[in-house]
Amino acid sequence: MNSIRVRLGVLGLALLTGFTTPTAASAAQAAPSPTVEEQRLGRAAPQEILRRSGFDTAAPRLARALEGARSYGEARRAVSREGARLWQRAVDRAQGRGPAGGDLSRDDDRPLYWARLGMTRDVRTWEPEFGLTDGQRAALLDELERTSRGQDAILPHSPLRSSGGTPIPHGKGLKRILLTGFDPFTLDRDIRISNPSGATALALDGTVIETADGPARVETAVFPVRWQDFTDGTVERTLRPHLPKVDLFTTVSQGRVGRFDIERTNGAWRGGFGDNENIGRTETVPVSDPASQPQWTTTTLPYAAITAAQTGRFPVYDNTSVTEIPAGGTESVVRPDGPTPGSTARAGGGGDYLSNEIAYRATLLRDRLGLHGTLPGGHVHTPVLQFAAGNTTEVTDPEFVRNRLDIIAQVRAILKVAAETS
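Figured I'd write up the structure that's included with this text.

How each quantity is defined
Residues numbered from 1 in each chain as written. Predicted model: local features only at pLDDT ≥ 70, side-chain atom pairs only at ≥ 80, totals over all residues. Heavy atoms only, no water. Helix = DSSP H or I, 4+ residues; strand = E, 2+ residues; numbered from the N terminus. Areas by Shrake-Rupley, 256 points an atom, 1.4 Å probe, with all protein chains shown as cover. Pairing = 2+ DSSP bridges. Axes fitted to C-alpha atoms, helices over the stretch in contact; angles between N-to-C directions. Contact = heavy atoms within 4.5 Å. Salt bridge = Lys/Arg side-chain N within 4 Å of Asp/Glu carboxyl O. Buried < 20%, exposed > 50% of the residue type's maximum accessible area, 1.4 Å probe, protein only. Parallel < 35°, antiparallel > 145°, perpendicular 65-115°, else oblique. Left-handed = near helix turned anticlockwise from the far one by under 90°. Nonpolar A, V, L, I, M, F, W, Y, C, P; charged D, E, K, R; others polar. 1 Å grid on protein atoms, 1.4 Å probe; cavity = no way out; pocket = protein on both sides within 12 Å on 5 of 7 lines; lining within 4 Å. Points joined across faces, edges and corners; volume = space filled by probe spheres on them. Arc of directions from axis to C-beta. Polar contact = N/O pair within 3.5 Å; in protein donor to acceptor, adjacent residues only side chain to side chain.

**Looking at the overall build of the protein**
Reasoning step 1: Across its full length, the protein carries 13 helices and 14 strands.
Reasoning step 2: Of the roughly 16400 Å² that the protein leaves accessible, carbon and sulfur atoms contribute 52%.

Here it is as structure tokens:
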């Protein structure tokens, strides 16, 4: 996200995505309070979204399982099971399998987001009789985050399905595509917000796209809108095992109104805009081995072919602009044609928020794995998902649903073009 655009009030340049060993402690600590993100759950819109999708049962189910746990091991197994169940339930609902659970459109990503927060709140505030150390609680929360976001089910576990939902067997010659999305964000501005990148991840997970070169399987995961999770390495931990095995990857987030952008360049800078915990960070993107960290990384997606193709109703742009401090300079300068030699990053094409950061981290990981010349990958910004004009209170409307479905379909078409021309 380009924080300058946000401060000007332009809607949407935004997300622009084994068990941890518990820390030993001599005694259990008191349960912490719900987070800022979890505290929003009590408002009317989240409760309506959960009720109208049937996802209001997810957190109570986990709470009952935790009540019955008689040890940390039992609790850990319950959290893992219910987190994975939530992800699969959200994917199944988005792809038309099983009961809808209510009248909310199946393509909606928000039930997963709010149900997860109900579950993390229960784990965070749970005080079992057998006691729980800070390290054990953190491990349970980490397990719940990973399983409920599909991060531990990439490639080998989820079933392959055609666009019509028919299961497809694994086989040689099947291309593999990895796609990531994000949670809703800027919820203090509008608690009703949905993120089309997260909806796309649910709609496409485990599906197969038929291309001119044969079938291509899509596997997905969703990431939080929190600086600290990225600092802790959630992107690298999730993607590192899979990038050497896939044929194409793209991180996806919500960008500008009325357009898609293929971001040519990503920058190593955090611009400070508040995340879903209302925390801002202004600093160089923190990565391992900072001594070898580049200021810029670049897409290897076939951007020329993607922007030339007819993929849907929204125009698709090759976005080459960045903001830099030129070599020897002190002031930021916008460069429409990309960075100049020796410059310092202040915003990639996708801004200076978590969308730029996930693109930077994923493409830097690609390069550090020695895959720059062989693995197509980069970032796609979707249009802002908008409600119908005049809808300032309802959690959904027909135009809102149509916009989300059109964005999902166009991302799928972009993947097809990318797979055929890579």
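**Quick look at the sheet that holds strand E5 (residues 260–263)**
Reasoning step 1: The mixed open sheet is built from 7 strands, whose spatial order is E2-E3-E1-E4-E14-E5-E10. Each edge of the sheet is formed by a strand with only one pairing partner; in this case those strands are strand E2 (208–211) and strand E10 (316–319). The sheet shows a mean angle of 25° between the axes of neighbouring strands, taken without regard to direction.
Reasoning step 2: In this sheet, strand E14 (residues 377–382) lies alongside strand E4 (residues 248–254) in parallel orientation, the contact comprising 6 bridges. Bridging across to E14, glutamine 254 finds its partner in threonine 382.
Reasoning step 3: Relative to strand E1 (residues 175–182), helix H8 (residues 196–204) is tilted by about 145°, and along the sheet it contacts E1, strand E3 (214–223), E4 and E14.

**Observations concerning the pattern of salt bridges**
Reasoning step 1: Applying the stated criterion across every chain, the model contains 36 salt bridges.
Reasoning step 2: The salt bridge partner of arginine 97 is aspartate 92, with a shortest N-O separation of 2.9 Å.
Reasoning step 3: A relative accessible area of 19% means that arginine 97 is categorised as buried.
Reasoning step 4: Taking the shortest distance from any N to any O, the salt bridge between arginine 366 and aspartate 367 comes out at 2.7 Å.
Reasoning step 5: The exposure class assigned to arginine 366 is buried, which follows from its relative accessible area of 0%.
Reasoning step 6: A single network of salt bridges, built from pairs that share partners, joins Glu37, Arg116, Glu145, Arg149, Asp183, Arg226 and Asp229.

**Focus on the packing of helix H5 (residues 72–94) against helix H7 (residues 134–148)**
Reasoning step 1: Their axes nearest at 7 Å, the elements H5 and H7 cross at an angle of 20°. In terms of axis orientation, H5 runs roughly parallel to H7. Here H5 runs over H7; the crossing is right-handed. Each of Tyr72, Ala75, Arg76, Val79, Ser80, Gly83, Ala84, Leu86 and Trp87 in H5 lies in contact with H7, whose residues at this interface are Gln136, Ala139, Leu140, Glu143, Leu144, Thr147 and Ser148.
Reasoning step 2: Counted by class, the contact of H5 with H7 contains 9 nonpolar, 5 polar and 2 charged residues.

**Section: the pairing of E5**
Where a strand is regular, its side chains alternate between the two sheet faces.
Reasoning step 1: The alternating pattern of E5 places Phe260 and Ile262 on one face and Asp261 and Glu263 on the opposite face, and all of these are buried.
Reasoning step 2: Here E5 pairs with E10 via 4 bridges, running parallel. From the neighbouring strand, isoleucine 262 faces E10, where its bridge partner is aspartate 318.

**Thoughts on empty space enclosed by the protein**
Reasoning step 1: For the largest cavity, the calculated volume is near 50 Å³.
Reasoning step 2: Together, Asp109, Leu112, Tyr113, Arg116, Phe182, Asp183, Pro184, Gly198, Leu202 and Val222 line the largest cavity.
Reasoning step 3: Among the secondary structure elements, those contributing two or more residues to the lining of the largest cavity are helix H6 (110–125) and H8.
Reasoning step 4: Counting residues per element, the lining of the largest cavity draws most heavily on H6, which supplies 3 residues.
Reasoning step 5: Residues of the lining of the largest cavity, tallied by class, amount to 6 nonpolar, 1 polar and 3 charged.
Reasoning step 6: Of the pockets and cavities examined, the second largest cavity occupies roughly 40 Å³.
Reasoning step 7: For the lining of the second largest cavity, the elements supplying multiple residues, two or more each, are H5 and H6.
Reasoning step 8: Element by element, the count of residues in the lining of the second largest cavity is highest for H5, at 3 residues.
Reasoning step 9: Grouping the constituent residues of the lining of the second largest cavity by class yields 6 nonpolar, no polar and 4 charged.

**Quick notes on the sheet that holds strand E13 (residues 344–347)**
Reasoning step 1: Ordered by their spatial adjacency, 3 strands build an open sheet running E12-E11-E13, and the pairing between neighbours is antiparallel. Two strands lie at the open edges of the sheet, namely strand E12 (333–335) and E13, each paired on one side alone. Mean inter-strand twist for the sheet, computed between neighbouring axes without regard to direction, equals 45°.
Reasoning step 2: Pairing of strand E11 (residues 322–325) with E12 involves 3 bridges; the strand directions are antiparallel.

**Looking at helix H4 (residues 58–67)**
In an α-helix there are 3.6 residues to a turn, and that puts residues three or four apart on one side.
Reasoning step 1: Of all the positions in H4, only Ala58, Ala59, Leu62, Ala65 and Leu66 are classed as buried. Down the axis of H4, the sector holding all buried residues measures 120°, keeping them to one side. Facing away from the buried side of H4 by more than 90 degrees, the exposed set consists of Arg64 and Glu67.

**Some details on the layout of surface pockets**
Over the atoms a probe the size of a water molecule is rolled, and this reveals where empty space is left.
Reasoning step 1: Taken as a whole, the largest pocket holds about 630 Å³ of empty space.
Reasoning step 2: Lining the largest pocket are 28 residues, and of these Leu141, Glu145, Arg226, Asp229 and Asp232 sit closest to its centre.
Reasoning step 3: Those elements that place two or more of their residues in the lining of the largest pocket are helix H2 (36–39), H6, H7, helix H9 (227–231) and helix H10 (234–239).
Reasoning step 4: A total of 7 residues in the lining of the largest pocket trace back to one element, the largest contributor, which is H7.
Reasoning step 5: Here the lining of the largest pocket is built from residues that sort into 7 nonpolar, 7 polar and 14 charged.

**Structural notes on the packing of H4 against H6**
Reasoning step 1: Two elements in contact, H4 and H6, have axes whose closest approach is 8 Å; the angle formed by their N-to-C orientations is 25°. Here H6 runs roughly parallel to H4, going by the angle between their axes. Relative to H6, the crossing made by H4 is right-handed. Counted together, Ala58, Ala59, Leu62, Ala63 and Leu66 of H4 and Ala115, Gly118, Met119, Asp122 and Val123 of H6 form the full contact between these two elements.

**Here's the deal with the side chain of threonine 363**
Reasoning step 1: In this structure, threonine 363 sits in helix H12 (residues 354–368).
Reasoning step 2: Within polar-contact distance, the side chain of threonine 363 engages the backbone oxygen of tyrosine 360 at 3.3 Å.
Reasoning step 3: For threonine 363, the contacting residues outside a window of four places in its chain are Phe249, Asn266, Thr297, Thr298, Gly377 and Gly378.

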